[in-house]
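Descriptive analysis of the structure
Given next are the chains, with one letter for each unit.
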Amino acid sequence: MLLAAVLMVVVIIKRARRRLNGAATKRIRSMIEHADRAGEPVLRVLEYDKVLDHLLLELGFTGTTGQKMIKGAARFSNKQALWKCHKLRNLVAHEHGATVSASEADHFKRVLEKALLEVSSRS
């Protein structure tokens, strides 16, 4: 039991410190650029949220995007902004007629880019 607890703590600490290597950072930047071309703000928000999910997955977190956020949000100085962006995605995905402005989509992109910078090995 003690060994299992120690191993679990080691895994948690490693995840808390994990940084993305250059190749992973480049892939995520490419995904952001792809999302930029989605056109309509609502589509961009949906695509940016997919990038957020992938970023958290690259850091070693599993589950739904929300579950990954719960596990990994402490890694980011802008965790509240990340949550708001994910909630915006949930609104447009689940509420009929929900709209998103271009400025809201642009804000999501900036928040996502800041998060990426914080976990990139080059930061």
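An account of the accompanying structure is given in this report. (Residues numbered from 1 in each chain as written. Predicted model: local features only at pLDDT ≥ 70, side-chain atom pairs only at ≥ 80, totals over all residues. Heavy atoms only, no water.)

Per the stated rule, a full pass over the model turns up 6 salt bridges. Salt-bridge contacts for Glu-58 lead to Arg-27; the nearest nitrogen and oxygen are separated by 3.0 Å. Of the two residues, Glu-58 sits in helix H3 (residues 41–58) while Arg-27 sits in helix H2 (residues 22–36), which places them 31 residues apart along the sequence. For Lys-109, the salt bridge identified is with Asp-36, shortest N-O distance 3.0 Å. Linking Lys-109 in helix H6 (residues 102–119) with Asp-36 in helix H2, this pair joins segments that are 73 residues apart in sequence. Looking at Lys-109, the relative accessible area reads 23%, which means it is partly exposed. (Salt bridge = Lys/Arg side-chain N within 4 Å of Asp/Glu carboxyl O. Helix = DSSP H or I, 4+ residues; strand = E, 2+ residues; numbered from the N terminus. Buried < 20%, exposed > 50% of the residue type's maximum accessible area, 1.4 Å probe, protein only.)

Take Thr-65: it is sitting in helix H4 (residues 65–72). Not counting residues up to four positions away in its chain, the partners in contact with Thr-65 are Asp-49, Leu-52, Asp-53, Leu-56 and His-86. (Contact = heavy atoms within 4.5 Å.)

Compared with the 26 Å implied by 1.5 Å per residue over 18 residues, the 26 Å span of H6 between its first and last C-alpha is a close match. Those residues of H6 that sit buried are Ala-105, Phe-108, Val-111, Leu-112, Ala-115, Leu-116 and Val-119. Buried residues of H6, seen end-on, are gathered within an arc of 140° and therefore sit on one face of the element. Of the surrounding elements, those touching the buried residues of H6 are H2, H3 and helix H5 (79–94). (Expected span 1.5 Å × (residues − 1). Arc of directions from axis to C-beta.)

What follows concerns the nonpolar core. In summary, soluble globular proteins display a tendency toward joint burial of nonpolar side chains. Counting residues in hydrophobic clusters, the biggest one holds 27 residues, and the most contacted among them are Leu-20, Leu-55, Phe-76 and Leu-112. Breaking this core down by element, the ones donating at least two residues are H2, H3, H5 and H6. With 7 residues, H6 is the single largest residue contributor to this core. Among all residues touching Phe-76, those that are not within four sequence positions of it are Leu-55, Leu-56, Leu-59, Leu-82, Ala-115, Glu-118 and Val-119. (Core = buried A, V, L, I, M, F, W, Y, C linked by side-chain atoms within 4.5 Å.)

Glancing now at the side chain of Arg-75. Here Arg-75 shows up in the loop between H4 and H5. Within the buried set, Arg-75 has no salt-bridge partner at all; the shortest N-O distance to an opposite charge, 7.8 Å, is to Glu-118. Polar contacts involving the side chain of Arg-75 include one to the main-chain carbonyl oxygen of Arg-18, which spans 2.5 Å. (Lys, Arg positive; Asp, Glu negative; His and termini not counted. Polar contact = N/O pair within 3.5 Å; in protein donor to acceptor, adjacent residues only side chain to side chain.)

Locating Leu-20 in the fold gives a position in the loop between helix H1 (2–17) and H2. In the structure, Leu-20 is positioned 96 residues away from Leu-116 in sequence and 8.6 Å away in space, judged by C-alpha atoms. When neighbours within four sequence positions are excluded, Leu-20 is seen to be in contact with Thr-25, Ile-28, Leu-55, Glu-58, Leu-59, Leu-116, Val-119, Ser-120 and Ser-121.

Let us look at the environment of Asn-21. With respect to the helices and strands, Asn-21 occurs in the loop between H1 and H2. By relative accessible area, which is 46% here, Asn-21 ends up partly exposed. Sequence-wise, Asn-21 and Ser-120 are 99 residues apart; in three dimensions their C-alpha atoms are separated by 6.6 Å. At 2.7 Å, the side chain of Asn-21 forms a polar contact with the backbone nitrogen of Ala-24.

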